[in-house]
Amino acid sequence: MNPDLRKERESASFHTEALIHILDGGAEKTRRRREIEALALNDPELQHEDLNFLSRSERYDMAVKKSALMVRKIREHAISNPEEIMWFKSYVHRWRPEPLDLHLGMFLPTILNQATPEQQDRFFMPAWNLQIIGTYAQTEMGHGSFIRGLETTATYDPSTQEFVLNSPTVTSIKWWPGGLGKTSNHAIVLAQLYTQGQCKGLHAFIVPIRKMGTHEPLPGVVVGDIGPKFGYDEVDNGYLKLENVRVPRENMLMRYAKVMPDGTYMKPPSDKLTYGTMVFIRSMIVGDSARALSQACTIAIRYSAVRHQSELKPGDPEPQILDYQTQQYKLFPLLVTAYAFRFVGSFMREMYHRITGDMNDGDYSQLPELHALSAGLKAFTSWVASAGIEECRMSCGGHGYSRSSGLPDIYVTFSPSCTYEGENTVMMLQTARYLFKSYTQAKSGQKLSGTVSYLNDLCSHIQPQQVASRPMMNINDISRLVEAYQLRAANLVEAAARNYRMELGRRKNKEEAWNSTSIDLVRASGAHCHYVVVKLFAAKLSEITDAAIHDVLNTLCLMYVLYGISKNSGDFLHAGILSDPQISQVHQRVKELLAVIRPNAVALVDAFDYPDAVLASVLGRYDGNVYEHMFEWAKKSPLNKTEVHKSFYKYLKPLQSKL
């Protein structure tokens, strides 16, 4: 063990294991998670060489091999709990994307949530047993986030009781679905439904795309891999062009919307039900933001405790770079953000399952809020996490640029979440529509509930200026600071609504007015999401009974809240929520909290409990023996298999002989 890391761990003010239990949801959850982890990480069949030294084709081949092994091992170990299956999957693939991601994460859940019982009997078990391998084909070359603009058509033919699917334009070719290029033999295709001469909007269809047994494309199906991307080298993101492909009427997912044998259409109880799988994935991205950011923080903070550089005083030993205030200011706000997002991710997961349960009982009343909150928080957390991962990489200096650090892989694997399942700006505007509608309801006297209930106060006596007129706010009072965030969100929602009304008076139509207000609307959505995160982090504190852990989490929460104010001080000043002296206090307190967090920084990232095999980082090793392993890693480069590369004899030596 590196002596610096040993010292850091010994100086922690709390028991790391106790905090791990809190983050996992209990000691039994930790025990079981680690048991699943050991099954995957200690299995000789599931080991592999460093992927950084393989070609893309080799990486895909390795990923398919491990995915097939993973499914077999899940059966052998009798792992049936969905959460435990995802744990095992994550440890097998070390949290990297893999070819069965959409099969397990979108194809199977869509069948469970949108298929009739008869369709589930027909499709689910073959899909569970990997006879059917599916993907989710929604995005097209010409349309992504604006899914109502998708062009793929499914026209019902009552004479044969079949749907005829077509890609009528180049831009209608399905583009990007993971597993589509080479792995899948079926796809859930989102297409515009035409029946009895009318378009009924987007619906989902199960479409066979490859022959069972031979895996060759079926007639009318043009399918393949879209080529190298920024990352995701293990995944065969693909394209799909459909040319008069016929599927039986029963292949339309009909739990909610239906087409009868004669072509009569029966609409669903909510038009948002078609997007249920997207809402699920967006909710999961919130937790994934916490995971990716916490991994990056683990690497950067451990390395910063090991790395010594420069001098604080001439002639003194080089200090740990974690002792520099500027390094702390880079990393500690990201550390507290990772904790905040961890709690928000748990909230979104629970909210999704609760509302899905209500929907199964016929109650769709909370679906709009789930749709809006999952969109907004997906955007808010993925933007912050993506930028934070890059900040962690740069905080590691030159070594952060090496793939051996693990940070480039975390970044290229996570950053697509800012655009997939909805481009983030579009997601924020979706949330804005919900906020605008809620604001209008509150102004008309309706009582709001849920995460937008604070908008009720716009019609009451509470105004931002009244907060500023109170005695100087105690900036260590988290409950008062949560109130400040609430007022900030309400003020920006009201300002956006006011600007929309002004634009409406000078524009041709409401659509132009909305577009001309969109910057304000995105700001309002961001403030709303920020408030929700702050509120949930603060609420989590009341659940902590361990005094030492409560103390340290209270510090993290306070840092998260105050750092957010310092970065958005203009909003709080402009609305009269905080005064200039209060903002100055906030800036000073943030600097003070850096020193408070410093002794616990390594223990706090240890509590994320990532094994070295998952981090795959020489800089973030638990034992801190960075430099020895960096040298060993470099020697494994394929370029080092020979002392003299063949290019020397082919190009350089002939050139030298002529000089």
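Structure: see above.
What you see is a predicted model, and the numbers here were worked out from it, not measured in a lab.

1. Observations regarding the overall build of the protein chain
- Helices and strands together make up the secondary structure of the protein chain, namely 23 helices and 11 strands.
- Its C-alpha atoms give the protein chain a radius of gyration of 27 Å, near enough to 26 Å, the size a compact globule of 659 residues would have.
- Its C-alpha atoms give the protein chain principal-axis dimensions of roughly 90 × 80 × 60 Å.
- Of all 659 residues assigned to the protein chain, the portion counted as buried reaches 54%.
- Within the protein chain, residue pairs in contact and separated by at least 24 positions form 73% of the contacts whose partners lie at least 6 positions apart.
- Surface exposure of the protein chain reaches about 28800 Å², of which carbon and sulfur atoms provide 54%.
- The distance from the centre of the 73 positive side-chain charges to the centre of the 70 negative ones in the protein chain is 4 Å.

2. Some words on the packing of aromatic side chains
- Under the definition given, this model contains 20 aromatic pairs.
- Measuring from centroid to centroid gives 6.2 Å for Phe 230 and Tyr 411, while their planes differ by 90 degrees, and the two rings are edge-to-face. One end of the pair, Phe 230, is in the loop between strand 7 (221-225) and strand 8 (238-242); the other, Tyr 411, is in helix 11 (residues 407-414), and 181 residues separate them in sequence.
- Judged by its relative accessible area of 61%, Phe 230 is exposed.
- You can call Tyr 411 partly exposed: its relative accessible area is 24%.
- Ring geometry for Tyr 500 versus Trp 514: centroids 6.0 Å apart, planes at 75 degrees, classification edge-to-face. Taken together, the positions of Tyr 500 in helix 14 (residues 478-504) and Trp 514 in helix 15 (residues 510-516) put the pair 14 residues apart, joining distant regions of the chain. Here the two residues Tyr 500 and Trp 514 agree in accessibility, since each one is buried.
- Here the guanidinium or amino end of Arg 9 rests over the ring plane of Tyr 622, the centre of that ring lying 3.6 Å away.

3. Points about the state of the cysteines
- Using the criterion set out here, one finds zero disulfides in the structure.
- For the unlinked cysteine Cys 529, the closest cysteine sulfur is that of Cys 418, found at 14 Å.

4. Some words on the sheet that holds strand 4 (residues 174-175)
- Across the sheet, which stays open at both edges, the three strands sit in the order 4-8-7 with antiparallel pairing between neighbours. Across the chains shown, the open sheet's two edge strands, defined by having one partner strand only, are strand 4 and strand 7.
- By the bridge criterion, two bridges tie strand 4 to strand 8 in an arrangement that is antiparallel. Residue pairing across strands places Trp 175 opposite Tyr 239, the latter belonging to strand 8.

5. Side note on the pattern of salt bridges
- Under the definition given, this model contains 43 salt bridges.
- One salt bridge in this structure joins Glu 234 and Arg 59, with 3.0 Å as the shortest N-O distance. In this pair, Glu 234 sits in the loop between strand 7 and strand 8 while Arg 59 sits in helix 4 (residues 56-76), placing the two residues 175 residues apart along the sequence.
- With a shortest N-O distance of 3.0 Å, Arg 96 and Glu 234 are connected by a salt bridge. In this pair, Arg 96 sits in the loop between helix 5 (82-92) and helix 6 (101-114) while Glu 234 sits in the loop between strand 7 and strand 8, placing the two residues 138 residues apart along the sequence. Grouping residues by exposure puts Arg 96 and Glu 234 together as buried.
- Three or more residues joined by partner-sharing salt bridges are found here, namely Glu 17, Asp 24, Arg 33, Arg 34, Glu 37, Arg 342 and Asp 609.

6. Examining the packing of helix 10 (residues 367-395) against helix 12 (residues 424-443)
- Helix 12 packs onto helix 10 with a crossing angle of 145 degrees between their chain directions and a minimal axis gap of 8 Å. The element helix 10 and its partner helix 12 pack so that their crossing is left-handed. Contact with helix 10, carried on its side by Pro 368, Glu 369, His 371, Ala 372, Ala 375, Gly 376, Lys 378, Ala 379, Phe 380, Ser 382 and Trp 383, involves Asn 424, Thr 425, Met 427, Met 428, Gln 430, Thr 431 and Tyr 434 of helix 12 and no other residues of that element.
- Of the residues assigned to the contact of helix 10 with helix 12, the class counts are nine nonpolar, seven polar and two charged.

7. Things to note about helix 3 (residues 27-41)
- With 15 residues, helix 3 extends 21 Å from end C-alpha to end C-alpha; this agrees with the ideal 21 Å at 1.5 Å per step.
- Buried residues of helix 3: Thr 30, Arg 32, Arg 33, Ile 36, Glu 37, Ala 40 and Leu 41, and no others.
- Residues of helix 3 that are buried make contact with helix 2 (16-24), helix 5 and helix 21 (612-615).

Analysis parameters
Residues numbered from 1 in each chain as written. Predicted model: local features only at pLDDT ≥ 70, side-chain atom pairs only at ≥ 80, totals over all residues. Heavy atoms only, no water. Helix = DSSP H or I, 4+ residues; strand = E, 2+ residues; numbered from the N terminus. Rg over C-alpha atoms; globule rule 2.2 N^0.38 Å. Buried < 20%, exposed > 50% of the residue type's maximum accessible area, 1.4 Å probe, protein only. Contact = heavy atoms within 4.5 Å. Areas by Shrake-Rupley, 256 points an atom, 1.4 Å probe, with all protein chains shown as cover. Lys, Arg positive; Asp, Glu negative; His and termini not counted. Charge placed at Lys NZ, Arg CZ, Asp CG, Glu CD. Phe/Tyr/Trp six-rings, centres within 6.5 Å; stacked < 30°, edge-to-face > 60°. Lys NZ or Arg CZ within 6 Å of the ring centre and 35° of its normal. Disulfide = S-S within 2.5 Å. Pairing = 2+ DSSP bridges. Salt bridge = Lys/Arg side-chain N within 4 Å of Asp/Glu carboxyl O. Axes fitted to C-alpha atoms, helices over the stretch in contact; angles between N-to-C directions. Left-handed = near helix turned anticlockwise from the far one by under 90°. Nonpolar A, V, L, I, M, F, W, Y, C, P; charged D, E, K, R; others polar. Expected span 1.5 Å × (residues − 1).

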